[in-house]
Amino acid sequence: PEIKPLFFSSRPENNYLIYEKLMEKSKVDSNLAIFPIALKHLKMAVKRNHKEGKLKLALHYLKGDIVPPNYEKALTWLKSLAFGNQENVSRYIDPINDKVKEIEAAIKKLGPKEKEALQKAEDGNVLYLLYVAFAFYSGIDNFPISPTKAVKYYRLAAEKSPNCMCLLGGMY
C-alpha cells in the first residue's frame, strides 16, 4: 500500500496557511516545537513560489528569529520578489546590502593577528573556526558583529568535529 505523508499539501496556499496558523498559535503557546513545523510549511510554500511566503522567509532570515540570521539568504528571497516588482520588498534590500558591505569593510580593516586567525579558520583549523565564530558572534578583537558569519564558522567547525557539533547543538 502507498503511504501518504502526514500534513502534505500540493497547494502552496495551504502550506502558507498552516504556517500562519502555527505562528499565530506560537504567540499564545510558548511551545518551541511549533517553530520547526511552521518553518517546514513555510519552506514548502516558498519552494512552490508563494510570494508572501518568500517575504516572510526573508524576514525570518533577516531577524534570525526561527532560523539562524543569514543576510545572503534574506537577499536571495527578497531579490526574487523585487524582480517581480513587489514594492514592499525594495525597502529591505538596500539596508541589507549596506550592512553586508559594512561587515566586509570591517573585515578588511582587521589587524594582522585577526586576519591570520581568519585565514586559519578558512583553512579548516577547528580551534580557529570556533574562535572566529565567537568573534563574529560577540564582536571581540575588532571583529564586526555578524550572526551570519558566526553561524557559518560554527557550522564549519561542527562538520570537522563531533565535539563542535555537540557545542553547536547546545547553542540551538
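Preceding block: the structure.
Summary of the structure given here.

Rules of the game
Per-chain numbering applies: the sequence of each chain, read as written, is numbered from 1 onward. Reporting in this predicted model follows two pLDDT cut-offs: at least 70 for local features of residues, and 80 or more for side-chain atom pairs to be given and counted; totals over whole chains, interfaces and linings ignore these cut-offs and use all residues. Calculation of side-chain values draws on the structure's entire complement of heavy atoms; hydrogens and water are dropped beforehand. Whenever a helix is involved, its axis is fitted only over the stretch in contact; in every case the axis is a line through C-alpha atoms, and angles between N-to-C directions fall within 0 to 180 degrees. Comment: elements are numbered from the N terminus, with helices defined as DSSP H or I runs of at least four residues and strands as E runs of at least two. Any angle between 65 and 115 degrees counts as roughly perpendicular, while under 35 counts as roughly parallel, over 145 as roughly antiparallel, and the rest as oblique. Each crossing is labelled by how the near helix is turned from the far one, with a counterclockwise turn of less than a right angle marking it left-handed and a clockwise turn marking it right-handed. Contacts are assigned to residue pairs that have any heavy atoms within 4.5 Å of one another. Under this grouping Gly is polar, as are all residues other than the nonpolar Ala, Val, Leu, Ile, Met, Phe, Trp, Tyr, Cys and Pro and the charged Asp, Glu, Lys and Arg. Only buried residues count toward a nonpolar core, which is a set of Ala, Val, Leu, Ile, Met, Phe, Trp, Tyr and Cys residues joined through side-chain atoms within 4.5 Å. Remark: exposure states derive from per-residue accessible area (1.4 Å probe, protein chains only) relative to the maximum for the residue type, with buried under 20%, exposed over 50%, and partly exposed in between. The rule is short: rings of Phe, Tyr and Trp, with Trp giving its six-membered ring, pair when the centres are within 6.5 Å, and they are stacked under 30 degrees, edge-to-face over 60, tilted in between.

**Focus: the packing of helix H1 (residues 12-28) against helix H2 (residues 34-47)**
Link 1 in the chain: Packing of H1 against H2 leaves a shortest axis separation of 8 Å and a crossing angle of 155 degrees. When the axes of H1 and H2 are compared, the pair comes out roughly antiparallel. As for the relative orientation of H1 and H2, their crossing is left-handed in sense. Taking contact as the criterion, the partners of Pro12, Asn15, Tyr16, Ile18, Tyr19, Leu22, Met23, Lys25 and Ser26 in H1 are, on H2, Ile34, Phe35, Ile37, Ala38, His41, Leu42, Met44 and Ala45.
Link 2 in the chain: Broken down by class, the residue content of the contact of H1 with H2 amounts to 13 nonpolar, three polar and one charged.

**Comments concerning the nonpolar core**
Soluble globular proteins tend to bury their nonpolar side chains together.
Link 1 in the chain: Membership of the largest hydrophobic core comes to 45 residues, with the highest contact counts inside it found for Leu78, Ile96, Leu118, Val132, Phe136 and Tyr153.
Link 2 in the chain: With residues up to four places along the chain from it excluded, the contact list for Ile96 reads Leu62, Tyr71, Ala74, Leu75 and Leu78.

**Observations regarding the packing of aromatic side chains**
Link 1 in the chain: Overall, the coordinates contain four aromatic pairs when judged by the stated rule.
Link 2 in the chain: Ring centres of Tyr16 and Tyr19 lie 5.6 Å apart, and the angle between their planes is 40 degrees; on these two criteria the pair is classed as tilted. You can see Tyr16 and its partner Tyr19 sitting in helix H1, three residues apart, about one turn around the helix. An identical accessibility class is assigned to Tyr16 and Tyr19; each is buried.
Link 3 in the chain: Each ring, one from Phe136 and one from Tyr153, has its centre 5.9 Å from the other, and the planes form 10 degrees; the classification is stacked. Here Phe136, found in helix H7 (residues 126-138), pairs with Tyr153, found in helix H8 (residues 147-160); they are 17 residues apart in sequence, far enough to count as distant. Of the two residues, Phe136 and Tyr153, neither departs from the other in class, the shared state being buried.
Link 4 in the chain: Here the aromatic residues Tyr131, Phe136, Phe143 and Tyr153 are joined through ring pairs into a cluster of three or more.

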